Amino acid sequence: MVKLFINGYGNIGRRLATYFSVDEEIELVGIAKYSADERAKEAISKGYRVFIPKTMENEFARKKLEFAGYIEDGISDSEMIIDAAKEGMGYENKLLLYVPMKKKAIFQGGEDRQGEYSVADMIHNSRVNYDKAAGKSYVMQGSCNVSGMGRIMQPLIEKFSDDILRYDVNLIRRWADLEDSKEVKDSIEWDSHPHHQDDVKDFIPDANLYVEAFKVPSRMMHLHQILIRFKDKSPLKDQVLELFQNEFGVAILNSAKGTLDVRKKALDLGFAHGDTNMVHIHESLIRSQDDVLKFSYSDDQTGMVIPENHLLVQSMIFKKPRNDALSHTDKIFDMRKKKEILQNEFK
Ligand SMILES: NC(=O)c1ccc[n+]([C@@H]2O[C@H](COP(=O)([O-])OP(=O)(O)OC[C@H]3O[C@@H](n4cnc5c(N)ncnc54)[C@H](OP(=O)(O)O)[C@@H]3O)[C@@H](O)[C@H]2O)c1
């Protein structure tokens with residue numbers, strides 16, 4: 001059993017806690033909570049040990065929220081930390097807590113991989129470089145979009161390698177998550193320098209990849225439209241379907257009409273947190289013409305990275321072979337079953 005601490009209990013931290021708390025190879029020491037709010041109450045009611053900053057002691061006591069200790073205590077008692085802080089806070093946590101206390105840590109996709117505030121020397125993508133993370137002390141898990149692109153591009157690279165000339169991805173991003181209280185602005189906003197392109201090139205350095213990102217007023221998943229240019233004739237639709245048929249964390253859906261359909265189905269089916277934890281290729285949008293293959297897949301923003309973090313722990317701590325890690329993650333997340341159910345629902 002490995003002692004694990006989750007630093008941050010927002011959209012990502014809550015989901016990590018749900019799955020790591022039922023993994024018999026892990027002892028979840030606890031979670032860190034920085035605000036004495038409803039989420040703190042939720043964490044306590046779920047039986048997690050909640051650790052807080054010293055400065056919040058009076059506030060937690062005043063609201064009768066029982067805590068197990070200070071954040072430093074939780075970290076000190078653990079071997080491995082998953083940092084699930086608000087984006088940009090991971091670097092400071094590393095500097096002030098994980099390095100001095102000599103703890104291994106995973107950082108999330110909102111952190112920097114390059115420059116002064118870089119948190120790690122690699123970005124993990126379980127489909128591409130799982131083995132490279134084995135035994136490392138600090139690794140950044142790619143964001144949901146970056147994880148999704150790796151999951152789609154790597155099988156194409158393995159099958160068609162030098163026949164591919166370039167990839168262009170139009171990334172249509174949700175404005176906020178389901179649980180976020182922030183307002184969804186009625187606008188389509190673009191990003192002049194999306195981080196996703198550089199992040200993907202961190203683990204697929206040779207990819208001739210160009211990403212444009214647009215944020216739209218929705219809470220229901222991201223959608224990527226990928227256009228792949230080949231040297232000669234592009235593969236046919238059936239070849240694409242066959243290629244992704246057995247891919248872990250990739251479902252092929254036919255009759256879904258939008259991201260809301262998929263999210264609603266996950267909620268109706270009672271999937272934990274309303275997540276599918278995967279990307280969904282939309283069969284009706286696969287186009288192959290001359291030297292261009294174009295298709296679209298939706299990417300479950302909050303769910304995608306949770307099994308990725310789970311796989312990463314198995315590489316960094318247990319140094320498990322990838323196939324063993326995939327079966328263990330499948331057991332905890334029921335990925336294959338969820339995929340089968342979704343594919344049947346959207347036949
Ligand atoms: N949301 C997504 O769809 C998504 C997908 C992939 C990756 N990510 C990445 O995952 C990370 C977390 O995102 P999120 O959506 O979970 O954010 P979030 O919902 O805003 O939650 C952030 C959490 O950070 C906590 N926090 C505050 N100060 C902290 C500190 N110094 N150290 C650690 N935690 C601290 C907050 O605690 P209190 O609530 O107690 O104040 C809050 O629980 C970001 O890097 C993000 O880019 C997010």
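Residues numbered from 1 in each chain as written. Predicted model: local features only at pLDDT ≥ 70, side-chain atom pairs only at ≥ 80, totals over all residues. Heavy atoms only, no water.

### A closer look at the overall build of the protein
(1) Moving on: Looking only at helices and strands, one finds 12 helices and 16 strands in the protein.
(2) Moving on: A globule of 347 residues ought to have a C-alpha radius of gyration of about 20 Å, and the protein, at 20 Å, matches this closely.
(3) Moving on: Along the first, second and third principal axes, the C-alpha set of the protein runs to 65 × 40 × 40 Å.
(4) Moving on: Within the protein, buried positions represent 54% of all 347 residues.
(5) Moving on: Contacts spanning at least 24 positions in sequence make up 73% of the contacts within the protein whose residues lie at least 6 apart.
(6) Moving on: Of note, the protein has its 50 positive side-chain charges centred 2 Å away from the centre of its 56 negative side-chain charges. (Helix = DSSP H or I, 4+ residues; strand = E, 2+ residues; numbered from the N terminus. Rg over C-alpha atoms; globule rule 2.2 N^0.38 Å. Buried < 20%, exposed > 50% of the residue type's maximum accessible area, 1.4 Å probe, protein only. Contact = heavy atoms within 4.5 Å. Lys, Arg positive; Asp, Glu negative; His and termini not counted. Charge placed at Lys NZ, Arg CZ, Asp CG, Glu CD.)

### So, helix α5 (residues 90–98)
Residues separated by three or four positions in an α-helix point in the same direction, a consequence of the helix having 3.6 residues per turn.
(1) Moving on: Every buried residue belonging to α5 is among Gly-90, Asn-93, Lys-94, Leu-97 and Tyr-98, and all of these are buried. For α5, the angular spread of the buried residues around the axis is 105°, confining them to a single face. Counted as exposed and oriented over 90 degrees from the buried face of α5: Glu-92 and Leu-96.
(2) Moving on: Those residues of α5 that are buried lie in contact with β1 (2–7), α4 (71–76), β5 (80–83), β6 (104–107) and β8 (138–141). (Arc of directions from axis to C-beta.)

### Topic: the packing of helix α1 (residues 11–20) against helix α10 (residues 305–316)
(1) Moving on: At a closest axis distance of 10 Å, the pairing of α1 and α10 adopts a crossing angle of 55°. The angle between α1 and α10 falls in the class oblique. As for how α1 packs across α10, the hand of that crossing is right-handed. Judged by residue contacts, Ile-12, Arg-15, Leu-16, Tyr-19 and Phe-20 of α1 engage Val-305, Ile-306, Asn-309, His-310 and Val-313 from α10.
(2) Moving on: Its residues assigned to classes, the contact of α1 with α10 comprises seven nonpolar, two polar and one charged. (Axes fitted to C-alpha atoms, helices over the stretch in contact; angles between N-to-C directions. Parallel < 35°, antiparallel > 145°, perpendicular 65-115°, else oblique. Left-handed = near helix turned anticlockwise from the far one by under 90°. Nonpolar A, V, L, I, M, F, W, Y, C, P; charged D, E, K, R; others polar.)

### Considerations on the environment of Lys-136
(1) Moving on: Residue placement: Lys-136 occurs in the loop between β7 (123–124) and β8.
(2) Moving on: Considered as a pair, Lys-136 and Asp-121 are 15 residues apart in the sequence and their alpha carbons are 9.6 Å apart.
(3) Moving on: A distance of 3.2 Å separates a polar atom in the side chain of Lys-136 from a polar atom in the side chain of Asp-121. (Polar contact = N/O pair within 3.5 Å; in protein donor to acceptor, adjacent residues only side chain to side chain.)

### Some thoughts on the site of the ligand
(1) Moving on: As a matter of local geometry, the ligand sits amid 23 residues, with Ile-12, Lys-33, Tyr-34, Ser-35 and Asp-177 nearest to it.
(2) Moving on: Within the side chain of Arg-174, one N or O atom sits 3.0 Å away from an oxygen atom of the ligand.
(3) Moving on: Taking 900 Å² as the accessible area of the ligand by itself, protein coverage stands at 86%.
(4) Moving on: Residue composition of the shell around the ligand, grouped by class: eight nonpolar, 10 polar and five charged. (Near = heavy atom within 4 Å. Areas by Shrake-Rupley, 256 points an atom, 1.4 Å probe, with all protein chains shown as cover.)

### Notes on the pattern of salt bridges
(1) Moving on: What the rule picks out here adds up to 26 salt bridges.
(2) Moving on: Taking the shortest distance from any N to any O, the salt bridge between Lys-63 and Glu-59 comes out at 3.6 Å.
(3) Moving on: Bridged by salt links that share partners, the residues Arg-14, Arg-15, Glu-42, Lys-46, Glu-179, Arg-263, Asp-275 and Asp-300 form one connected network. (Salt bridge = Lys/Arg side-chain N within 4 Å of Asp/Glu carboxyl O.)

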